[in-house]
Amino acid sequence: LQTDPQFFAQLIGFIYKRDDRADEPINEEVSEEIRERRARVARAVLDSWYLLPGLKEDGSMDEKVLSEWVTAARKRCEETKHLIGCDLQTGFILAHAPADPDGTWPHTAVRNLIEKLNNQTIDDHIQTEIYNSRGVTSRGLGDGGKQERALVEKYQKLSDAVKVRWPRTAALLRSIAESYEHEAKGHDVESDLHDLRWD
C-alpha cells in the first residue's frame, strides 16, 4: 500500500459506493458472497494501515513520494468514481502522520500536502480520525474537562506554530482544539452535577 496507489484505489472501490451512487458493474463470475468477503477484508486492511507513503525507516518523510502517491490514488479513484471514499481514507492516513523532528505536528510534508489539496473532506476526516483514535478515557469524578483542556492547549500551540506558512493546516488544528474545548465544557457540567448530587 505504501508504494502502490493503484492497489489502494482498488481497495477503495471494494468498500465505498460510487460518487454518482450508480451500481457497480457486476462481474457475473464473482458471487455476492465473495464481493462481501472482499469488502470486509479490504476494510480490515485499510483500517489497520498506518504507514504513510513516503515514510522512511528512520522516521523521515519523502514529500515528493507522498504527494505523487496521493495524486495517483485520487486520479485513479476519480476515474472509477470513488473519489469521495478516497478522500475519506486519505484523511484517515494523514491523521497518523509523524511529527517534524522538533515535535511540530503534522510533518512539514503533510502540511504542504494539506495546503496543496485544499480539500475539506480530507481536512474533516483528519479531525475525525484524531478524535476517534483517542479511544476510551477515564477520569476522577471531580476532574471535569482537565484532560481535554490539555489537548486544547496542545493543538492550539500547534496551530499557532504553523499559522504563518500553513494557514489551512492551522485552521484544521484550531478546529481540533475547539472540539476538545467543547468536550471539556461537557465534562465540567457532568462534574458540577455530580457535586450537586452528593453535596
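Higher on the page you've got the structure.
Residues numbered from 1 in each chain as written. Predicted model: local features only at pLDDT ≥ 70, side-chain atom pairs only at ≥ 80, totals over all residues. Heavy atoms only, no water.

A few points about the packing of aromatic side chains
The geometry of an aromatic ring pair comes down to the distance between the two centres and the angle between the two planes. In this structure the tally under the stated criterion is six aromatic pairs. On the basis of an interplanar angle of 45° and a centroid distance of 5.7 Å, the ring pair of W49 and W69 is categorised as tilted. One end of the pair, W49, is in the loop between α2 (32–47) and α3 (63–79); the other, W69, is in helix α3, and 20 residues separate them in sequence. By the burial criterion, W49 is buried, and W69 matches it. Ring geometry for Y155 and Y180: centres 6.1 Å apart, planes at 20°, overall stacked. Taken as a pair, Y155 in helix α7 (residues 146–162) and Y180 in helix α8 (residues 167–198) lie far apart in primary sequence, 25 residues in all. For Y155, a relative accessible area of 8% translates into the label buried. Joined through ring pairs, the aromatic side chains of F8, W49 and W69 make up one cluster. Directly above the aromatic system of W166 lies the positively charged group of R111, at a separation of 4.0 Å from the ring centroid. (Phe/Tyr/Trp six-rings, centres within 6.5 Å; stacked < 30°, edge-to-face > 60°. Helix = DSSP H or I, 4+ residues; strand = E, 2+ residues; numbered from the N terminus. Buried < 20%, exposed > 50% of the residue type's maximum accessible area, 1.4 Å probe, protein only. Lys NZ or Arg CZ within 6 Å of the ring centre and 35° of its normal.)

Some words on the nonpolar core
The nonpolar side chains of a soluble globular protein tend to be buried, and buried together. F8, L52, L66, I126, I130 and Y155 are the most contacted members of the largest nonpolar core, which has 42 residues in total. Those elements that place two or more of their residues in this core are α1 (5–15), α2, α3, α4 (83–94), α5 (108–117), α6 (120–133), α7 and α8. With six residues, the top contributor of residues to this core is α8. Setting aside residues up to four positions removed in sequence, I126 forms contacts with G91, L94, A95, W105, I114 and L172. (Core = buried A, V, L, I, M, F, W, Y, C linked by side-chain atoms within 4.5 Å. Contact = heavy atoms within 4.5 Å.)

Some words on the packing of α3 against α5
In contact at an axis separation of 9 Å, α3 and α5 are set at 35° when each is read in the N-to-C sense. You can see that α3 and α5 cross each other, and the crossing is right-handed. Every residue of α5 that contacts α3 at E63, L66, S67, V70, T71 and R74 is listed here: A109, V110, N112, L113, K116 and L117. Tallied by class, residues from the contact of α3 with α5 come to six nonpolar, three polar and three charged. (Axes fitted to C-alpha atoms, helices over the stretch in contact; angles between N-to-C directions. Left-handed = near helix turned anticlockwise from the far one by under 90°. Nonpolar A, V, L, I, M, F, W, Y, C, P; charged D, E, K, R; others polar.)

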